[in-house]
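# Summary of the model geometry
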Amino acid sequence: MSVAPPSAGGDNLEEVDCNDPPPVAQVQSAAGDNAETGMDPSLRPTTIPVDCAVTTAEMQQHPISPSAAGRLAGVSPQVSPSDTPSLTLAPKLLFNSNVKLNHLKDWSMSAYKCTKQMVLENLGRAPKTVDLEIERQVELLRDTHKRYSDIIRLSRVFSNSFQHMLGSQRALGDTFTDMALKAPELQPEFNANAETQRKLVSSGEQLLSGINFFTSSVNTLVNKTMEDTFESYRLYEQARLEYDAYRVDLEVLQWSAQRSSASVARLPEVTENYNIVYSKFEKMRGGLTVKLRLLEENKVKVMHKQLVLLHRAISAYYSGR
């Protein structure tokens, strides 16, 4: 496509093709003009053909950002606060970092004190807080847990053996029925024994169901309820160890405060930490005491019910009911 841009005089028109390179004469004339005026050729204004320009509709469809327009116009872009991250995030990040560092410092000091206390207790060089009633109940619970685990193990062995016996009785009854058809002279005797085996299998299945229910109930008591109490006792031991560590630290500091003013300055902080740990220890001890009492009541109630049901199932099996 070609157009006729206005000439320097404004009268003569000359067709220009957007795709054609400029004539050699024009290039030489432009070079001569630049040499005369001393202007850099790269800074000389260039006339854009009309048909090569972007239309207003195309500019509206593809708008130019203000920063890009400013760069094209030679104006340095203005950065708005919304284009950059808020500077108020820096204090927040710094605050969060300080909080994490403080938590890490407190955890490190607590872990060091507890580890030191545990080592000294194992060596017999540090006092240990002992609740005799809790220790007695936990020791009894350990013994009960061991004995009830043996009951579960033997009940499962009995259930598996009894199930195999029922399978043998069922097969034997089917054999007697088959033999009654093939031996007419012994048909009444074979039928009587087959009927006996069927009754034994029927009552045996009820007994097997009772044994499995008994095993399942005791297993829930031992491996869920008792294990939950043991987990509470482990948490109580951790709280007790932390309490003893801070208690010994406070006692040493109180002894040092009588001879050093630096220890007196640290005394309020250590006392506050001791009170926090002591409150946690008392809370864990109270919760464990309640859980041990409830476990004992629940154990008696569950075992009474399950033992009665198992006795009834075994009695019904051997009495033929």
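Going by the structure above, here's the rest.
About the criteria used
- Residues numbered from 1 in each chain as written.
- Predicted model: local features only at pLDDT ≥ 70, side-chain atom pairs only at ≥ 80, totals over all residues.
- Heavy atoms only, no water.
- Helix = DSSP H or I, 4+ residues; strand = E, 2+ residues; numbered from the N terminus.
- Buried < 20%, exposed > 50% of the residue type's maximum accessible area, 1.4 Å probe, protein only.
- Contact = heavy atoms within 4.5 Å.
- Areas by Shrake-Rupley, 256 points an atom, 1.4 Å probe, with all protein chains shown as cover.
- Expected span 1.5 Å × (residues − 1).
- Polar contact = N/O pair within 3.5 Å; in protein donor to acceptor, adjacent residues only side chain to side chain.
- Bend = angle between axes of the 7 residues up to and from the residue.
- Phe/Tyr/Trp six-rings, centres within 6.5 Å; stacked < 30°, edge-to-face > 60°.
- Core = buried A, V, L, I, M, F, W, Y, C linked by side-chain atoms within 4.5 Å.
- Axes fitted to C-alpha atoms, helices over the stretch in contact; angles between N-to-C directions.
- Parallel < 35°, antiparallel > 145°, perpendicular 65-115°, else oblique.
- Left-handed = near helix turned anticlockwise from the far one by under 90°.
- Nonpolar A, V, L, I, M, F, W, Y, C, P; charged D, E, K, R; others polar.
- Patch = residues over 30% accessible without salt bridge, like charges linked within 9 Å, V, L, I, M, F, W, Y side chains within 5 Å.
- Salt bridge = Lys/Arg side-chain N within 4 Å of Asp/Glu carboxyl O.

Along the backbone of the chain there are 7 helices and 2 strands. Seen in sequence order, the chain has helices and strands lined up from the N terminus as β-β-α-α-α-α-α-α-α. Burial analysis of the chain (321 residues in total) assigns 24% to the buried set. In the chain, 73% of the contacts between residues at least 6 apart in sequence involve partners at least 24 apart. For the chain, the exposed area adds up to about 23,100 Å²; of that, 59% sits on carbon and sulfur atoms.

On to helix H5 (residues 132-182). Over its 51 residues, H5 extends 75 Å from the first C-alpha to the last, a length consistent with the 75 Å expected when each residue adds 1.5 Å. With a side-chain oxygen positioned 3.2 Å from the backbone nitrogen of Glu-133, the residue opening H5 is Asp-131.

Right, let's talk about helix H7 (residues 261-319) for a bit. Count 3.6 residues to each turn of an α-helix, and residues three or four apart come out pointing the same way. With 59 residues, H7 extends 86 Å between its outermost C-alpha atoms, agreeing within 8% with the 87 Å of an ideal straight helix rising 1.5 Å per residue. Its maximal kink placed at Leu-267, H7 deviates by approximately 40°, while the proline Pro-268 follows within four residues.

Moving on, we come to the packing of aromatic side chains. Enumeration over the complete set of coordinates arrives at 10 aromatic pairs. Between Tyr-317 and Tyr-318, the ring centres sit 4.9 Å apart and the planes meet at 80°, which makes this aromatic pair edge-to-face. Among the aromatic residues, those joined into a ring-pair cluster are Tyr-233, Tyr-236, Tyr-243, Tyr-274, Tyr-278 and Phe-281.

A word on the nonpolar core. Residues Ile-134 and Met-226 are the most contacted members of the largest nonpolar core, which totals 33 residues. Contributing elements (two or more residues each) for this core: H5, helix H6 (187-257) and H7. It is H6 that provides the largest number of residues to this core, a total of 15 residues. Here Met-226 is in contact with Leu-141, Thr-144, His-145, Tyr-148, Leu-221, Leu-295 and Lys-299, once residues within four sequence places are set aside. Counting residues in each nonpolar core, the second largest holds 5 residues, with Phe-176, Ala-183, Phe-190 and Ala-194 among its members.

Let us now look at the packing of H5 against H6. Relative to each other, H5 and H6 sit at 160°, their axes nearing to 7 Å. As far as their axial angle goes, H6 and H5 are roughly antiparallel. The crossing of H5 and H6 is left-handed. Here the contact of H5 with H6 is built from residues that sort into 28 nonpolar, 19 polar and 8 charged.

Note that Lys-299 resides in helix H7. Classification of Lys-299 by relative accessible area gives buried; the value is 13%. A distance of 3.2 Å separates polar atoms of two side chains, one belonging to Lys-299 and the other to Glu-296. With residues near it in sequence (within four places) discarded, Lys-299 still touches Thr-144, Tyr-148, Leu-221 and Met-226.

A grouping of Leu-101, Leu-104 and Trp-107 is seen on the molecular surface, where their side chains present a nonpolar patch of about 370 Å² in accessible area. Assignment of secondary structure puts Leu-101 in helix H4 (residues 89-122).

The subject of this paragraph is the environment of Gly-287. Note on placement: Gly-287 falls in helix H7. Note: C-alpha distance between Gly-287 and Tyr-236 (51 residues apart in sequence) is 9.0 Å.

Structurally, Thr-229 can be placed in helix H6. When the C-alpha positions of Thr-229 and Leu-288 are compared, they lie 7.5 Å apart, and in sequence the two are 59 residues distant. Excluding its chain neighbours within four sequence positions, the residues that come into contact with Thr-229 are Leu-141, Leu-288, Lys-291, Leu-292 and Leu-295.

Note that every value here comes from positions in space, so none of it alone points to a role or purpose.
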